[in-house]
Amino acid sequence: PKKEGKTTVAIIGGGPGGYVAAIRAAQLGGEVTLIEKNKLGGTCLNVGCIPTKVLLHSAEALAEAKEMAQLGINVEVKGIDWSKVQAKKSAVTNQLVSGVSGLMKANKIKVIEGVASFASKDTLTVTKKDGSKENLTFDKIIIAAGSVPAVPPIPGVKENASCVDSTGALSFEAVPKSLLVIGGGVIGIELATAYSRFGTEVTVVEAMSKLLPMMDGELTAQLRKMMEARGIKIMTDAKVQSVEASGTATKVNVEVGGKVEAFTAEKVLVAVGRRTDTEALNLDAVGIANDRGRISVNDKMETNVANVYAIGDCLGKVMLAHVASAQGEIAAENALGEDVLYDGATNPSCVYTDPEFAGVGLTEEKAKELGIGFKVGKFPLMANGKALIMNGGVGMIKFIIGEEYKEVLGVHILGPRATDLIGECALAVGMEATVEDIIATIHAHPTVTEAVREAALAAEKRAIHIP
Ligand code: FAD
């Protein structure tokens, strides 16, 4: 029964979109029910952001251990114990999932295990694990149903057991000798980095002319060179035609430079993108506007149906955990009577390669496309003491500054801890800080953040540590 005066809110999906929306709705006095068909934490905690970073962390530690002699430390590296790497991955994800469960309890959010489906515009049918069904009516419903890996129509992919998606690639039984990655987006590139560090012979095949399409072109090209120097074979403008079994290995036929070449690998990672997971929701029957399962919303995260909101990956747009969470807070606030808009301007894009790669705001390419007058400031990390200590000074920071008002339009960082450094830059973009605001801020020495300021100085042609 509905408590006096409380707005009842249902959240469909317990990923970083849904669980954050649930907490925010509870903070604002809502009576919240979260329905999750699988595990709290969603893709991100269970088979996405977190487990990939555990593998990458072990891979990076292995690479560092091999280079210890350069730091004057003599260690003998005997290789890796894969079962322990996997156990670490499970331990971290389990701890975080139980943390989310604790947050649900602390916020008095009712969690129901089951699949939610719209029976009408305000009523959900929840099918539980034992097959029983229950109809529940709510004042507000927030859809946070997320996404699943897309399977491309490449002949042989579905039939071949050595072809895995990102979830499969996180849990290989052993480190594969060779891995062919179809797709040079974030997920493909991160897993390519991890396995290459673990000793796998890695080949990346990307259909477009550039890896990581949303990232700054110049820095992406630098990253590609670094990956290639480490032995990762990368092909762009290359289309996988078909996949077939070939003895114990798998043959992948790739059209590149007008010819079809065959590559063999023990495992094939299919990382060509993700699709929304909205089939079970019955969207069309209740008239929730969507484009082939991608739910349409306005800036308030409202769908076309009153009191129904949607957030995160199920919109099929920017598929990132922090975007899902940000949209979750907006949807919850609007559902509980506030009037707020989502603005993605400060959304950072991060790639956990080695070195890390991060960007926020406009890239040079995008600024040109939009016809915005801008200038660029660049600072190579070779001239930054801390970066030199950490990774030999590999990488660069690049500012895109508006020509007329000198506002920070975008910042792009390839270098150690780039994904942490981007926070300051996101704040600058959000506050429409000018290059002078960055310059006027004293940055600690010795840190890589000094290079952020130096890149801003470079835009004004007054960098100190480059000639
Ligand atoms: P999800 O996390 O997908 O959660 C949706 C939940 O809804 C799921 O738990 C699902 O079971 C549930 N659900 C669906 N339908 C129903 C239904 N009908 N009834 C009940 N429950 C339902 N993003 C980053 O920002 N940083 C990263 O480093 C990063 N790395 C990634 C690495 C990999 C390998 C992958 C696959 C993704 C990565 N992502 C990363 C993307 C990130 O995981 C997603 O953007 C994020 O999880 C989206 O959150 P969400 O809440 O919208 O959906």
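No experiment lies behind these values; they were computed from the predicted model shown.

Let us now look at the UniProt feature "binding site: FAD" (unreviewed entry) in the protein chain. Under the local residue numbering, the UniProt record ascribes the feature "binding site: FAD" (unreviewed entry) to K53, D313, M319, L320, A321 and H322. Relative to the elements of secondary structure, M319 occurs in the loop between β20 (308-310) and α9 (321-335). Apart from residues no more than four positions distant in its own chain, M319 is found in contact with S147, R274 and D313.

Mean pLDDT over the protein chain: 97, with 99% of residues reaching 70 or higher. Here the complex is predicted with pTM 0.97, and the ipTM for its interfaces comes to 0.99.

Here we come to the packing of helix α3 (residues 49-66) against helix α6 (residues 186-198). For any two helices packed against each other, one specifies the crossing angle of their axes together with the interaxial distance. Two elements in contact, α3 and α6, have axes separated by 8 Å at closest approach and are oriented at 35 degrees. Helix-helix and strand crossings are classified by hand; for α3 and α6 the assignment is left-handed. Side by side, α3 and α6 meet where T52, L55, L56, A59, E60, L62 and A63 of the first sit next to E190, L191, T193, A194, R197 and F198 of the second. For the contact of α3 with α6, the residue count by class is 8 nonpolar, 2 polar and 3 charged.

In this section: the site of the ligand. In the vicinity of the ligand lie 35 residues, with G13, G15, G42, G146 and G312 positioned nearest. Put simply, the parts of the chain that give the shell around the ligand at least two residues each are β2 (31-36), α2 (42-47), α3, β4 (115-118) and α9. Residue composition of the shell around the ligand, grouped by class: 16 nonpolar, 15 polar and 4 charged.

When the terminal C-alpha atoms of α3 are compared, their 26 Å separation across 18 residues agrees well with the 26 Å that a helix rising 1.5 Å per residue should span. What α3 keeps buried is the set C49, I50, P51, T52, L55, S58 and A59. Structurally, α3 contributes buried residues whose contacts are with α2, α4 (82-106), α6 and α9.

The next point concerns the nonpolar core. In this structure, V181, I182, L269 and I422 are the most contacted members of the largest nonpolar core, which totals 80 residues. Here this core gets 8 residues from one element, more than from any other, and that element is α6. If sequence neighbours within four positions are ignored, V181 has contacts with G188, L191, A192, V202, T203, V204, V205, L269 and A271. Of all hydrophobic cores here, the second largest spans 54 residues; its members include A25, L34, I50 and L320.

Now for the UniProt feature "binding site: NAD(+)" (unreviewed entry) in the protein chain. When the UniProt feature table is mapped onto this chain numbering, "binding site: NAD(+)" (unreviewed entry) sits at G183, G184, G185, V186, I187, G188, I189, E190, E206 and G273. Across 91 residues of sequence, these annotated residues stay compact in space, with a maximum C-alpha separation of 14.0 Å. Relative to the elements of secondary structure, V186 occurs in helix α6. V186 gets classed as buried once you count the C-beta atoms within 10 Å, which come to 23. Sequence-distant contacts of V186, that is, excluding residues within four places in its chain, are made with L212 and V351. Turning to its location among the elements, E206 is positioned in the loop between β11 (201-205) and α7 (217-229). Beyond its immediate stretch of four places on either side in the chain, E206 contacts G183, G184, L211, M235, T236 and A238.

By way of backbone hydrogen bonds, the strands of a sheet pair with one another, either parallel or antiparallel. Strand order in the open sheet made by the 3 strands is β4-β5-β6, with antiparallel pairing throughout. The outermost strands of the open sheet, each flanked by one partner alone, are β4 and β6 (133-137). Recorded for the sheet is a direction-independent mean angle of 30 degrees between the axes of neighbouring strands. Bridge analysis of β4 against strand β5 (residues 123-127) gives 4 bridges, and the strand direction is antiparallel. If you follow V115 over to β5, its bridge partner there is T127.

The buried fraction of helix α1 (residues 18-27) amounts to 9 of the 10 residues, a majority that puts the element mostly inside the structure. Those residues of α1 lying buried are G18, Y19, V20, A21, A22, I23, R24, A25 and A26. Turning to α1, the residues buried within the fold contact β1 (8-12), β2, α2, α4, β7 (140-143) and α9. Just past α1, the residue G29 takes up positive phi, approximately 95 degrees.

Read from one edge of the open sheet, 5 strands run β21-β22-β25-β24-β23, paired in antiparallel fashion. The two strands at the open ends of the sheet, each matched to only one other strand, are β21 (349-351) and β23 (374-380). Averaged over all pairs of adjacent strands, the angle between their axes in this sheet comes to 10 degrees, without regard to strand direction. Packed onto the sheet, helix α12 (residues 418-430) meets β21, β22 (356-361) and β25 (408-415) and runs at close to 10 degrees relative to β22. Relative to the sheet, helix α14 (residues 449-459) contacts β23 and β24 (396-402), its axis offset from that of β23 by approximately 135 degrees.

So, about the environment of G15. Structurally, the position occupied by G15 is in the loop between β1 and α1. For G15 and A321, which are 306 residues apart along the polypeptide, the C-alpha to C-alpha distance reads 8.3 Å. Those residues in contact with G15 that sit more than four places away from it in its chain are G41, G42, T43, C44, A144, G146, G312 and A324.

Moving on: unusual backbone geometry. Trans is the common state for peptide bonds, and a negative phi is the common state for residues other than glycine. Of note, the amide linkage connecting D354 to P355 takes the cis form, showing an omega dihedral of 0 degrees. Tracing the chain through its elements places P355 in the loop between β21 and β22. Here the residue pair H445 and P446 is connected by a cis peptide bond, since its omega of -5 degrees sits within 30 degrees of zero. Turning to its location among the elements, P446 is positioned in the loop between α13 (435-440) and α14.

Before going further, it helps to spend a moment on the environment of P416. Tracing the backbone shows P416 in the loop between β25 and α12. Spatially, the C-alpha atoms of P416 and N135 are 51 Å apart, while their sequence positions differ by 281 residues. If near-sequence neighbours (up to four positions away) are discounted, P416 is found in contact with P355, E356, A387, M390, N391 and V448.

What counts and how
Each chain has its residues counted from 1, running along the sequence as written. Where totals are concerned, whole chains, interfaces and linings use all residues; where local detail is concerned, this predicted model gives features only for residues with pLDDT of at least 70, and gives and counts side-chain atom pairs only at 80 or more. UniProt positions are given in the numbering used here, feature names are shortened, and annotations may be inferred rather than shown by experiment. Numbering goes from the N terminus for both helices and strands, where a helix is a DSSP run of H or I of at least four residues and a strand is a run of E of at least two. C-beta atoms are first placed from the backbone for all residues, and any pair lying within 7 Å is then listed as a contact. By definition, pLDDT measures how confident the predictor is in each residue, and it falls between 0 and 100. In this analysis, axes come from line fits to C-alpha atoms, helices being fitted only over the stretch in contact, and the angle between any two N-to-C directions falls in the range 0 to 180 degrees. Handedness of each helix crossing follows the sense of rotation of the near helix against the far helix: counterclockwise by less than a right angle gives left-handed, clockwise gives right-handed. We call Asp, Glu, Lys and Arg charged. Ala, Val, Leu, Ile, Met, Phe, Trp, Tyr, Cys and Pro are nonpolar, and the rest, Gly among them, are polar. Residue proximity rests on one test: whether the C-beta atom, placed from the backbone, lies within 6 Å of the molecule or strand. To estimate the expected span of a helix, count its residues, drop one, and scale the result by 1.5 Å. To sort residues by burial, count the other C-beta atoms lying within 10 Å of each one's C-beta; a count of 20 or more means buried, 12 or fewer means exposed, and anything in between means partly exposed. C-beta atoms are built from the backbone. Any set of buried Ala, Val, Leu, Ile, Met, Phe, Trp, Tyr and Cys residues joined through C-beta atoms within 7 Å is what this text calls a nonpolar core. Pairing between two strands requires that DSSP report at least two bridges joining them.

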